[in-house]
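Architecture and fold: a report
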Amino acid sequence: MEMNLKPILEKADKRPIVIAGPCSAESEEQVMEIARQLATQDVDFYRAGIWKPRTRPNSFEGVGTIGLKWLKKVKEETGLKVTTEVANRHHAYEALKHGVDALWIGARTTVSPFAVQEIADAIEGVDIPVLIKNPINPDLKLWIGAIERIHKAGISRIAVIHRGFSTYGESPYRNEPRWQLPIELMRQFPDLQIICDNSHICGRRDTLQDVAQKAMDLNFHGVMTETHIDPDNAWSDAKQQITPATFKELMGSLVLRETISKDADFLENLEILRQRIDQLDDELLGVLGRRMELVDKIGEYKRRNSISILQPSRWNEILETAVEKASKKDLSAEFMEKILRAIHQESISHQNAIMNGEKVLKKANS
Ligand code: PEP
Ligand code: MN
């Protein structure tokens, strides 16, 4: 589906879009104090959850509509734009009524096409930016589907928030980043702004900076970080929240790189190097193609002699030799194994096709 996506905010320089504020609005004082401290920094949107989607009942589920009055006060007193999470029609109406500047759709909502459609219908034709978090499971189509639903409702200022994907078992992350998903989204939708929610990816304070830096290095357009005046005593997500002062340090430490250079020499050299890479990629493809022709031939011999496709000893030998050679070329064993496994898999499918007669070699004897 062709989409006409516009930035939720245009920044004049390379600085990222910055969204900060508490996981949850807890009281008017808490909301206002955090806002006052963030207003002195380079913050574009003040975030606070009013309705909290909690995994299990009996945890704090948000202050509800009253919190929207506090957000209105934040706008009036500090001039910060405000954003909150909406998960159904009622939330959307209430947020619009109270002048919230941008809506975000949470990870537990993006998974549900019914819920996303309900929100899309509720805000149809309203010119408000909408930020869509990734679904909790690593399903790119579901994420894109939510973007399409909101876009079909006539909204073009859409951005996405990468908050990581749910895992089971041990992990250094609360939600695994699986960077290849947002990268693929960027490839498919070059005009879509992507914000990194390092708080929900990390689930802890000590890795927030690393993840934000990684996002900047991957040309993400912004960061969303949970900030609280008293993080340890926050009513939700206490472990990952940081104070506005720590947030300021974190943002100050990020290295921001230019995506485009205007230096002619640099561009020329880059072009030359890229052409050489393109050439090597072509050679790689050629070699892979020729390798596969040999694989096909072997498949045909095996078929005629009724020998099984997989010969573990031969496969082990290939793997071990390649890993050893790779280490001399500064290629990691992990990388080499991954590549070889992919090649091996493809070879097996080729030989399978030959064994089953799905593929017939033109010149089996040559
Ligand atoms: C949040 O931003 O506080 C939140 C509930 O996030 P997520 O939807 O990513 O879990
Ligand atoms: Mn949170």
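What counts, and where the lines are drawn
- Residues numbered from 1 in each chain as written.
- Chains lettered and ligands numbered in written order.
- Predicted model: local features only at pLDDT ≥ 70, side-chain atom pairs only at ≥ 80, totals over all residues.
- Heavy atoms only, no water.
- Axes fitted to C-alpha atoms, helices over the stretch in contact; angles between N-to-C directions.
- Helix = DSSP H or I, 4+ residues; strand = E, 2+ residues; numbered from the N terminus.
- Parallel < 35°, antiparallel > 145°, perpendicular 65-115°, else oblique.
- Left-handed = near helix turned anticlockwise from the far one by under 90°.
- Contact = heavy atoms within 4.5 Å.
- Patch = residues over 30% accessible without salt bridge, like charges linked within 9 Å, V, L, I, M, F, W, Y side chains within 5 Å.
- Areas by Shrake-Rupley, 256 points an atom, 1.4 Å probe, with all protein chains shown as cover.
- Salt bridge = Lys/Arg side-chain N within 4 Å of Asp/Glu carboxyl O.
- Donors = N, O, S within 2.8 Å, 3.2 Å for Na, K, Ca; no water.
- Buried < 20%, exposed > 50% of the residue type's maximum accessible area, 1.4 Å probe, protein only.
- Domains from an automatic or database assignment.
- Expected span 1.5 Å × (residues − 1).

Quick look at the packing of helix H6 (residues 140–152) against helix H7 (residues 180–188)
Running from amino to carboxyl end, H6 crosses H7 at an angle of 45°, the nearest separation of the two axes being 11 Å. Taken together, the axis directions place H6 and H7 in an arrangement best described as oblique. Crossing of H6 against H7: the hand is right-handed. Within the contact between the two elements, H6 uses Leu140, Trp143, Ile144 and Ile147 and H7 uses Leu181, Pro182, Glu184, Leu185 and Gln188.

Quick notes on a nonpolar patch on the surface
Residues Leu331, Phe335 and Ile339 make up a contiguous nonpolar surface patch of roughly 230 Å² in combined accessible area. Along the chain, the position of phenylalanine 335 falls in helix H13 (residues 333–355).

Some details on the coordination of the manganese ion (ligand 2)
Around the manganese ion (ligand 2), the protein contributes the donor atoms Cys23 (SG), His200 (NE2), Glu226 (OE) and Asp237 (OD), at 2.1 to 2.4 Å from the metal centre. Look at where the donors of the manganese ion (ligand 2) fall in the sequence and you get C-x176-H-x25-E-x10-D. With a gap of 214 residues between them, cysteine 23 in the loop between strand E1 (17–21) and helix H1 (28–39) and aspartate 237 in the loop between strand E10 (222–226) and helix H10 (244–253) connect regions that are remote in the sequence.

Focus: helix H9 (residues 208–217)
For H9, every residue scored as buried is listed here: Leu208, Val211, Ala212, Gln213, Ala215 and Met216. Two residues or fewer after H9 comes asparagine 219, characterised by a positive phi angle close to 65°.

Some words on the domain arrangement of the protein chain
In many analyses, interface size is given as the accessible surface area lost on bringing the parts together. You can read the domains of the protein chain as domain 1 (17–253) and domain 2 (264–365). For domain 1 versus domain 2, the distance between C-alpha centres works out to 43 Å.

Thoughts on H1
Relative to the 16 Å expected for twelve residues at 1.5 Å per residue, H1 spans 16 Å between its end C-alpha atoms, a close match to the ideal helical length. Every buried residue belonging to H1 is among Gln30, Val31, Met32, Ile34, Ala35 and Leu38, and all of these are buried. In the core, the buried residues of H1 are packed alongside E1, strand E2 (45–47), helix H2 (66–78) and H10.

Examining the pattern of salt bridges
Counted according to the given criterion, the structure contains 22 salt bridges. Between arginine 36 and glutamate 77 there is a salt bridge, with its nearest N and O atoms 3.1 Å apart. Of the two residues, arginine 36 is situated in helix H1 and glutamate 77 in helix H2; the sequence distance between them amounts to 41 residues. Exposure remark for arginine 36: the relative accessible area of 37% places this residue in the partly exposed category. Exposure remark for glutamate 77: the relative accessible area of 44% places this residue in the partly exposed category. Residue glutamate 300 pairs with arginine 304 through a salt bridge whose shortest N-O separation is 3.1 Å. Of this pair, glutamate 300 and arginine 304 both sit in helix H11 (residues 264–305), four residues apart, which is roughly one turn of the helix.

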